[in-house]
Structures are given as structure tokens and as C-alpha cells.
Amino acid sequence: MSTLVAALVAVGVVVPVYFFCLRPMTRGHCGMMGSRQDVELDREIAGLSEELRILRAQGSQDRAEKPTNRSTPPFDA
């Protein structure tokens, strides 16, 4: 009976280690390997944020340049 308990404890330890440590590492999502990837990701996010800021500034500038005096449609009585 003690062998069965030891086997269950071993399985109870191995399964979470596999799912939370080994499996993410094989897919490239390891927390310990993230330093270089984080720098590249931060650089890409900063570039995209700057591009978004520029596009928003151009959009607001385009809205400011559009004429706002709309002519009223002719009144037919």
C-alpha cells in the first residue's frame, strides 16, 4: 500500500511540473529565457506606439482641415 501512495505522490508532483514548467519551455514561453525576448518586444511595442501616435496626429489634423460649413439643402415648398 505504501508503494501505491508513493507512486501517487510522484505522479502528483510530475504532472504539475510537466504542465507548468516543461511544456511552456518547449513552446518558447519560459520565464527564465524572457530577458532578450522582453527587450525585443518592448522595442517593437514602442515603435508601434509611436506609429499609432503619428497616425492619430495626422487624423486629427485632417479633421481640422476639413471645411465645417455645410450648405443647407434647397428648400422646396
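Along every chain, residues carry numbers that run from 1 in the direction the sequence is written. In keeping with the predicted nature of the model, local features appear solely for residues at pLDDT of at least 70, side-chain atom pairs appear and are counted solely at 80 or more, and the whole-chain, interface and lining totals rest on all residues. To get the side-chain values, take all heavy atoms of the structure and skip hydrogens and water.

Undergrad: Just to check I follow, could you spell out the overall build of the protein for this structure?
TA: In this description a helix means any DSSP run of H or I spanning at least four residues, a strand means any run of E spanning at least two, and both kinds are numbered starting from the N terminus. Secondary structure summary: the protein contains 2 helices and 0 strands in total. Exposure is judged per residue with a 1.4 Å probe applied to protein chains only, and the accessible area is read against the type maximum: over 50% gives exposed, under 20% gives buried, and values in between give partly exposed. Across the 77 residues in the protein, those meeting the buried criterion constitute 3%. When the accessible surface of the protein is totalled, it reaches about 7500 Å², and 63% of it is carbon and sulfur. The Shrake-Rupley method, run with a 1.4 Å probe, gives the accessible areas here. Residue values count only the displayed protein chains as cover.

Undergrad: Even after reading the chapter, I still don't get the packing of aromatic side chains, so can you show me in this structure?
TA: For any pair of aromatic rings, the description rests on two quantities: the centre-to-centre distance and the angle between the ring planes. Each Phe, Tyr or Trp ring (for Trp, its six-membered ring) is paired with any other whose centre lies within 6.5 Å, and the angle between the two planes then decides the class: stacked below 30 degrees, edge-to-face above 60, tilted in between. Taken as a whole and assessed by the stated rule, the structure comprises 1 aromatic pair. Look at Tyr-18 and Phe-19: their rings are 5.2 Å apart centre to centre, the planes differ by 80 degrees, and that puts the pair in the edge-to-face class. Look at Phe-19 and you get partly exposed, because its relative accessible area is 43%.

Undergrad: Is there a simple way to think about the pattern of salt bridges in this case?
TA: Once the charged atoms of two side chains with opposite charge are near each other, the side chains can pair. Salt bridge, as used here, is a side-chain nitrogen of Lys or Arg placed within 4 Å of a carboxyl oxygen of Asp or Glu. In this structure the tally under the stated criterion is 1 salt bridge. A salt bridge links Arg-53 to Glu-50, with the nearest nitrogen and oxygen atoms 2.5 Å apart. Note that Arg-53 and Glu-50 are positioned in helix α2 (residues 34-65) at a spacing of 3 residues, about one turn of the helix. Classification of Arg-53 as partly exposed rests on a relative accessible area of 48%. For Glu-50, a relative accessible area of 36% corresponds to the partly exposed category.

Undergrad: Explanation requested: helix α1 (residues 2-26) in the structure shown.
TA: Three- or four-residue spacings in an α-helix give side chains the same orientation, since the helix completes a turn every 3.6 residues. Relative to the 36 Å expected for 25 residues at 1.5 Å per residue, α1 spans 34 Å between its end C-alpha atoms, a close match to the ideal helical length. The angle separating two fitted axes, one through the seven residues that finish at a residue and one through the seven that start at it, defines the bend at that residue. Tyr-18 marks the point of greatest bend in α1, at about 45 degrees. Phi turns positive one or two residues past the end of α1, at Gly-28, with a value near 85 degrees. Any helix carries an expected span of 1.5 Å times its number of residues minus one.

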